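# Analysis of the macromolecular model
The chain contents come next:
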Amino acid sequence: MDLGLKDRVALVAGASRGLGKAVAERLASEGADVVVNSRSARVLAATADEIARRTGRRIVPAAGDVSSQEQCQALVEHAVGEFGRLDILVANAGGPPPGGVDDFGPAAYRDALEVNLMSTVQLTLAALPVMRKNRWGRIVAITSVSVKQPINGLLLSNTARPGVVGFIKTISRDLAADGILCNVVAPGYIHTARVESLVAGQAEARGVSREEILEGMTANIPAGRIGRPSEFANAVAFLASESASYITGHTLQVDGGLVQGLL
Ligand SMILES: NC(=O)c1ccc[n+]([C@@H]2O[C@H](COP(=O)([O-])OP(=O)(O)OC[C@H]3O[C@@H](n4cnc5c(N)ncnc54)[C@H](OP(=O)(O)O)[C@@H]3O)[C@@H](O)[C@H]2O)c1
């Protein structure tokens, strides 16, 4: 299927590695030019070079912390300055630390809200004027299946991320008539550095091997395995594309069947 992404311009936050990197590469392989973001300029430059080499598209690194409103604004301005437009925003950042009710004070909740909710709000508000001007836009927020079913031991994630769904669903109704479609993609377990570090942390805490923890995770996944970043990226690329022209306000889980809810 031609996704209609050729010569579109995308900004992918949290893209030096993991899911964001896979999404940036997938969009570029469909013919989009991409501004990639993360906090570490050095790693990001290497990622941008790698994706550009593989896809032949322009991949521009723009370092910045998406928990900062000013830096979100600067990222969007960077994209528009480089390419004269911005069609696709993929809002993403790192996940908050694991832990439960006895592990965190209010400051940790505030941090999680800044990184995992306000980043999406700030990037979206910064991107809207240019998308509205062009009467075309795609906003895809990356969250977690915790927005459908809380995950044990990830209290901060379970608390901060549902707000993203409330935000995206509400604005999707305001923006659809302007040609701007807003959706959420919720990963289950996809094999990235984040998942490796959660697995290592649980293995240490329980005094068992990494393999045992992975087996436990997989046992609950009907597909019988953890997902690949490229499989996750396929879903985001579709929602970011012309082909998704009548889909907005949706939360799509990419989880091998993990979530048991009906919707
Ligand atoms: N992988 C999964 O199975 C899974 C499942 C559920 C939810 N998620 C969530 O999906 C998101 C992406 O997951 P992942 O596995 O790709 O995570 P990851 O491997 O930790 O990658 C996170 C990316 O975001 C960047 N980043 C972190 N904080 C940032 C900030 N404040 N501003 C800008 N960039 C930032 C990181 O680079 P720098 O450190 O250089 O900034 C990195 O490029 C995370 O929020 C994660 O919790 C993932």
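All of the points below concern the structure found in this document.

Definitions and cut-offs
Residues numbered from 1 in each chain as written. Predicted model: local features only at pLDDT ≥ 70, side-chain atom pairs only at ≥ 80, totals over all residues. Heavy atoms only, no water. Helix = DSSP H or I, 4+ residues; strand = E, 2+ residues; numbered from the N terminus. Rg over C-alpha atoms; globule rule 2.2 N^0.38 Å. Buried < 20%, exposed > 50% of the residue type's maximum accessible area, 1.4 Å probe, protein only. Contact = heavy atoms within 4.5 Å. Areas by Shrake-Rupley, 256 points an atom, 1.4 Å probe, with all protein chains shown as cover. Lys, Arg positive; Asp, Glu negative; His and termini not counted. Charge placed at Lys NZ, Arg CZ, Asp CG, Glu CD. Pairing = 2+ DSSP bridges. Disulfide = S-S within 2.5 Å. Axes fitted to C-alpha atoms, helices over the stretch in contact; angles between N-to-C directions. Parallel < 35°, antiparallel > 145°, perpendicular 65-115°, else oblique. Left-handed = near helix turned anticlockwise from the far one by under 90°. Nonpolar A, V, L, I, M, F, W, Y, C, P; charged D, E, K, R; others polar. Phe/Tyr/Trp six-rings, centres within 6.5 Å; stacked < 30°, edge-to-face > 60°. Lys NZ or Arg CZ within 6 Å of the ring centre and 35° of its normal. Near = heavy atom within 4 Å. Domains from an automatic or database assignment.

The helix and strand tally for the chain stands at nine helices and seven strands. Taken against the 2.2 N^0.38 rule, which gives 18 Å for 263 residues, the C-alpha radius of gyration of the chain at 18 Å falls within 12% of a compact globule. Principal-axis analysis of the C-alpha atoms places the extent of the chain at approximately 55 × 35 × 35 Å. Counting all 263 residues of the chain, 50% fall into the buried class. Taking as baseline every contact in the chain between residues at least 6 positions apart, the subset at least 24 positions apart corresponds to 74%. Carbon together with sulfur atoms contributes 52% to the accessible area of the chain, which is approximately 12,200 Å² in total. Charge centroids of the chain, computed over 26 positive and 26 negative side chains, lie 5 Å from each other.

With respect to burial, strand β6 (residues 180-187) is a largely interior element, eight of its eight residues being buried. Residues Ile180, Cys182, Val184 and Ala186 line one face of β6 and the alternating positions Leu181, Asn183, Val185 and Pro187 line the opposite face, and both faces are buried. One ladder, built from six bridges, connects strand β5 (residues 137-142) with β6; its direction is parallel. Following the sheet pairing, Ile142 is matched in β6 by Val185. With four bridges connecting them, β6 and strand β7 (residues 251-254) associate as parallel partners. Bridge pairing in β7 links Val184 to Thr251.

Right, let's talk about the state of the cysteines for a bit. Tallied over the full model, the rule gives zero disulfides. Here Cys72 stays unpaired: no disulfide links it, and the sulfur of Cys182, its closest cysteine neighbor, is 16 Å away. Cys72 sits in the buried class, given a relative accessible area of 0%. Taking the relative accessible area as the measure of exposure, Cys182 reaches 0% and is therefore buried.

Viewed as axis vectors pointing N to C, helix α1 (residues 18-29) and helix α9 (residues 229-239) meet at an angle of 60°, and their least axial separation amounts to 8 Å. When the axis of α1 is compared with that of α9, the two are oblique. Considering only the axes of α1 and α9, their crossing is right-handed. Residues Leu19, Ala22, Val23, Arg26 and Leu27 of α1 form the contact with α9, whose own contacting residues are Pro229, Ser230, Phe232, Ala233, Asn234, Val236 and Ala237. Its residues assigned to classes, the contact of α1 with α9 comprises nine nonpolar, two polar and one charged.

It is worth spelling out the packing of aromatic side chains at this point. Across all of its chains, the model carries one aromatic pair by this definition. Taking the centre distance of 6.4 Å and the plane angle of 85° together, the rings of Phe104 and Tyr109 count as edge-to-face. With a relative accessible area of 17%, Phe104 lands in the buried category. Across the ring face of Trp136, the terminal group of Arg8 is positioned such that the distance to the ring centre comes to 3.6 Å. Over the ring of Trp136 we find Arg138; its NZ or CZ atom is 4.0 Å from the centre of that ring.

Attention now goes to the site of the ligand. Near the ligand there are 30 residues, and of these Ser16, Ala93, Arg161, Ile190 and Thr192 occur at the shortest range. Going through the elements one at a time, α1 and α7 (193-206) are the ones with two or more residues in the shell around the ligand. Ranked by residues supplied to the shell around the ligand, first place goes to α7 with three residues. Residue composition of the shell around the ligand, grouped by class: 10 nonpolar, 15 polar and five charged. Formed jointly, the shell around the ligand draws a minimum of three residues from each of two domains, domain 1 (9-189 + 228-254) and domain 2 (191-226).

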